[in-house]
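Here is how the chains run, residue by residue.
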Amino acid sequence: MRDWTRQKTERAARMDAAAPFADGKVVAADDATDMLRRVIKSGDRVCLEGDNQKQADFLASCLAQVDPADIHDLHIVQSGLVLPEHLDLFRLGIAKKLDFSYSGPQSGAIARALDQGKIELGAIHTYIELFARYYIDLTPNVALIAGVCADRNGNLYTGPNTEDTPTIVEATAYKSGIVVAQVNKIVDEVPRVDIPGDQIDFVVEAPRPFYVEPLFTRDPGAVTDSQILMAMIALKGIYAEYRPKRLNHGIGFATAAIELLLPTYGEKLGLRGEVATHWALNPHPTLIPAIESGWVEQIHCFGSEVGMDRYMSARPDVYFTGKDGTLRSNRLMCQNAGLYACDMFIGSTLQIDLAGNSSTVTPDRIAGFGGAPNMGSDAHGRRHVSDAWLKAGREAAGDSGPLVRGRKLVVQMVETFGEGMKPAFVEELDSLALARKLNMELAPVMIFGDDVTHIVTEEGIANLLLCRNADDVEQAIRGVAGYTPVGLARDKAKVEALRQRGVIRRPEDLGVDPMEASRNLLAARSIRDLVTWSDGLYSPPSKFRNW
Amino acid sequence: METFTIRAQARAPLPGAGRQAIVGVVASGNLEVLLERSETGDAVVVDVTTSARGFRAVWEAVVADFIARSSPGGVRFSIHDNGARPDTVTLRLLQGVKLLETQP
């Protein structure tokens, strides 16, 4: 007869083995590595919480200290692989297989490790895709997570960076897994309970607070005239045209420029209250002037941002906050909101090919996607309407009959030449060369061309919704590719015909004067201006302070 | 560092009375343009000194489009470029001729 409780039996055995290192649920920092040796076994699937921002860095360094002879072949399933310790696990032979979403600062190291065969790559996922797999075929045996504080019963307060934690813990705790939390402090009473204690097996007070990376702070002082021109083009040609009220912005400078133009140029266009009122968005400091000017109804956040906590606590009508007063973020919920409840995604990319496929992969870097493929895709399960969604759908459908569904606006903003005058428009994405080199079955593409609706460059807008065939798409893209080789190779007659059809719109077609594109249009021209706009509530990290 | 000169004919002389103008700065990703009304008739001369090598074809395309757009006959442009992108070059050239046109 089959034993239906093997997982519970296994869990009990591991808990018993670890018990000598714990006082109830509390484990001393010095005993953390010994405790991990008892709860983790070779071949386990382990989630070592590495979110976009919050990192279980102390537990990561503990895990890197185990003997690979005892624990090896771990399968790491976590969204962010951003710390050197994460790579150490593979270099030392403790971990072997990897399924992840985002690597940021480790993107070069991951590419090298893959090339050397140190990592067996499962897939590069989007966030909710990986989270979904936690519940189907990548359920963690052990989750090592991070929070601000916990009580002795394991009740956990994550702080404003709740991010992935509830999703990871739910999958692990309810499938007989073991959950270990590192916290900055063990307290008598937590400010609010983000994770109930009965889902947490062990808590460790880490010797120093967990690491958080400021990822979404864009210094207005670094916004260029070209980015301001592109922002003007987007506001006039897309925001004023489609009136998307619910949206997500990427984290680049082009969308930061839009945020900073809302209270100035956007106001002049009469768009306040008409567009950009409801957001799925990280706490971008550059949105503060628009919030203070009454543009924004509400914002749900994937995670928090360093320096924004006091500001958000003071604006609970805008942000989601707990009864303790601090932000509650949740990456799964917010990604889902971005997928199903937003009418537009607008963000930057590094490379676009002639079919509109867009990628941030370069030959020696695998940065992953994070949430962009979900934010930047049309949800085919959507069944509620909005004016922006229907207008986009009608443009795409042309005269093809009465049963027309809407389309999400997916807008890619890109300067025709990137860093070091590297053309952003290419005949073939670098990710294809990378896929060939590493024998990947699927080339890492951030947003596929059939999801992209508009491309905005300093040369104007290419509206792919109005393209009727692959040749239209190619010439529309060449038409806004400026002086790059792809742009110079355009068919001038076809591009002019596309312009007559409104597929390509130049700044002058939109009534945008490039001569007006100056930094004087920015609602804030420095980080210090943002602090002033926030009434002193925003406290930027020191690397952004120059006063 | 690369230096070259582009000569072209505009459709018409640039209107206005300004003799000389200067726009931009030689900061990274930017450029400085000195405009002088020193050529005869519809002739245009563009002297380029640029920090980026190998982009002469792009400069020629940008300058040709600019001359077709604004017809700055009679003007000599002296450019010191520090890696500006084409749209910044176009913007500075347009700013320069506007300044020259509107000067008393």
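Parameters at a glance
Residues numbered from 1 in each chain as written. Chains lettered and ligands numbered in written order. Predicted model: local features only at pLDDT ≥ 70, side-chain atom pairs only at ≥ 80, totals over all residues. Helix = DSSP H or I, 4+ residues; strand = E, 2+ residues; numbered from the N terminus. Buried ≥ 20, exposed ≤ 12 C-beta atoms within 10 Å, placed from the backbone. Rg over C-alpha atoms; globule rule 2.2 N^0.38 Å. Contact = placed C-beta atoms within 7 Å. Pairing = 2+ DSSP bridges. Axes fitted to C-alpha atoms, helices over the stretch in contact; angles between N-to-C directions. pLDDT = per-residue confidence, 0-100. Domains from an automatic or database assignment. Arc of directions from axis to C-beta. Core = buried A, V, L, I, M, F, W, Y, C linked by C-beta atoms within 7 Å. Left-handed = near helix turned anticlockwise from the far one by under 90°. Nonpolar A, V, L, I, M, F, W, Y, C, P; charged D, E, K, R; others polar.

## Notes on the overall build of chain B
Inference 1: Of the regular secondary structure elements, chain B holds 2 helices and 5 strands.
Inference 2: Taken from N to C terminus, the helices and strands of chain B fall in the order β-β-β-β-α-β-α.
Inference 3: Along the three orthogonal principal directions, the C-alpha set of chain B runs to about 35 × 25 × 20 Å.
Inference 4: When burial is assessed residue by residue, chain B has 36% of its 104 residues classed as buried.

## Section: the overall build of chain A
Inference 1: Each helix and strand counted, chain A has 20 helices and 20 strands in total.
Inference 2: The C-alpha atoms of chain A give a radius of gyration of 24 Å, which matches the 24 Å a tight globule of 547 residues would have.
Inference 3: Overall, the C-alpha framework of chain A stretches about 75 × 55 × 50 Å when taken along its three principal axes.
Inference 4: Buried residues in chain A amount to 55% of all 547 residues.
Inference 5: Contacts in chain A between residues at least 24 apart in sequence constitute 75% of all its contacts with a sequence separation of at least 6.

## Thoughts on the sheet that holds strand S2 (residues 20-24) of chain B
Residue and element names in this part refer to chain B.
Inference 1: Ordered in space as S1-S4-S5-S3-S2, the 5 strands form an open sheet in which the pairing is mixed. A single partner strand is all that each edge strand has here, and the edge strands are strand S1 (2-9) and S2. With strand direction ignored, the average angle separating the axes of adjacent strands in the sheet is 15°.
Inference 2: Where strand S4 (residues 43-50) and strand S5 (residues 76-82) come together, 6 bridges link them in parallel fashion. Among the inter-strand pairings, Val45 is bridged to a residue of S5, identified as Arg76.

## Looking at the confidence of the model for chain B
Inference 1: Mean pLDDT over chain B stands at 93; residues scoring 70 or higher make up 100%.
Inference 2: Interface confidence for the predicted complex, expressed as ipTM, amounts to 0.90; the pTM equals 0.95.

## What about the domain arrangement of chain A?
It is common to report an interface's size as the accessible area lost on association of the parts.
All names here are of chain A.
Inference 1: Each assigned domain of chain A is listed here: domain 1 (11-205) and domain 2 (220-527).
Inference 2: The partner domain 2 presents 28 residues to the 29 residues of domain 1 that form the contact.
Inference 3: Of all elements in the fold, only helix H5 (107-115), helix H6 (127-134) and helix H7 (165-173) reach the threshold of two or more residues within the side of domain 1 that touches domain 2.
Inference 4: Here the element with the most residues in the side of domain 1 that touches domain 2 is H5; it accounts for 6 residues.

## Considerations on helix H15 (residues 430-437) of chain A
Residues and elements named next belong to chain A.
Inference 1: Among the residues of H15, Asp430, Ser431 and Leu434 are the ones counted as buried. In an axial view of H15, the angular spread of the buried residues amounts to 95°, which keeps them on one side of the axis.
Inference 2: Once H15 finishes, Asn439 follows within two positions and takes phi at roughly 55°, a positive value.

## Things to note about the interface of chain B and chain A
Inference 1: Contact residues are listed per partner, giving 13 residues for chain B and 11 residues for chain A.
Inference 2: Secondary structure elements with two or more residues in the side of chain B that touches chain A: helix H1 (56-70) and helix H2 (86-102) of chain B.
Inference 3: Of the residues forming the side of chain B that touches chain A, the biggest block, 7 residues, is contributed by H2 of chain B.

## A look at the nonpolar core
Inference 1: With 172 residues, the main nonpolar core has Ala234 and Leu261 of chain A as its most contacted residues.
Inference 2: With 11 residues, the top contributor of residues to this core is helix H8 (residues 225-242) of chain A.
Inference 3: Residues from two domains meet in this core; each of domain 1 (11-205) and domain 2 (220-527) of chain A gives at least three.
Inference 4: Residues contacting Ala234 of chain A, with those up to four places away along its chain left out, are Tyr239, Ile258, Ile346, Val411, Met413 and Val456 of chain A.
Inference 5: Ranked by size, the runner-up nonpolar core spans 24 residues in total, among them Leu35, Val44, Val46 and Phe66 of chain B.

## Looking at H7 of chain A
Inference 1: Of the positions making up H7 of chain A, those classed as buried are Thr165, Thr167, Ile168, Val169, Ala171 and Thr172 of chain A.
Inference 2: Residues of H7 of chain A that are buried in the fold lie against strand S3 (45-48), H6, strand S7 (142-150), strand S9 (178-186) and helix H12 (331-340) of chain A.

## Focus: the packing of H1 of chain B against H2 of chain B
Describing two packed helices takes the angle between their axes plus the distance from one axis to the other.
All names here are of chain B.
Inference 1: The geometry of H1 relative to H2 is characterised by a closest axis approach of 10 Å and an angle of 35° between their N-to-C directions. In the crossing of H1 with H2, the sense of the turn from one axis to the other is right-handed. Facing Val58, Val62, Phe66 and Ser70 of H1, the residues of H2 in contact are Pro86, Val89, Thr90, Leu93, Leu94 and Val97.

## Remarks on the pairing of strand S17 (residues 409-413) of chain A
Successive residues of a regular strand alternate their side chains across the two faces of the sheet.
Residues and elements named next belong to chain A.
Inference 1: Counting buried positions over the 5 residues of S17 gives 5, a clear majority of the element.
Inference 2: Every second residue of S17 is oriented toward a common face, with Leu409, Val411 and Met413 on one face and Val410 and Gln412 on the other, all of them buried.
Inference 3: Relative to S17, strand S14 (residues 344-348) is paired through 5 bridges, and the arrangement is parallel. Paired with Met344 across the two strands is Leu409, which belongs to S17.
Inference 4: Across 3 bridges, S17 lies against strand S18 (residues 454-457) in parallel orientation. Across the sheet, the residue bridging to Gln412 is Ile455, located in S18.

## Here we look at the sheet that holds strand S12 (residues 278-280) of chain A
Residues and elements named next belong to chain A.
Inference 1: Strand order across the open sheet formed by 8 strands is S13-S12-S11-S14-S17-S18-S19-S20, with mixed pairing between neighbours. With partners counted over all chains shown, the strands left at the sheet margins are strand S13 (298-300) and strand S20 (504-505), one partner each.
Inference 2: As paired elements, strand S11 (residues 246-249) and S12 share 2 bridges and run parallel to each other. Considered in S12, the bridge of Arg246 is made with His278.
Inference 3: Across the face of the sheet, H8 comes into contact with S14, S17, S18, strand S19 (460-463) and S20 while running at roughly 170° to S17.
Inference 4: Lying over the sheet, helix H16 (residues 470-479) contacts S18, S19 and S20, oriented at roughly 170° with respect to S19.

## Details of the packing of H8 of chain A against helix H9 (residues 253-268) of chain A
Residues and elements named next belong to chain A.
Inference 1: Their axes nearest at 8 Å, the elements H8 and H9 cross at an angle of 65°. Between H8 and H9 lies a crossing whose hand is right-handed. Residues Gln227, Ile228, Met230, Ala231, Met232, Ala234 and Leu235 of H8 touch H9, and the partners they reach there are Phe253, Ala254, Ala257, Ile258, Leu261, Tyr265 and Gly266.
Inference 2: Classifying every residue of the contact of H8 with H9 by side-chain character gives 12 nonpolar, 2 polar and no charged.

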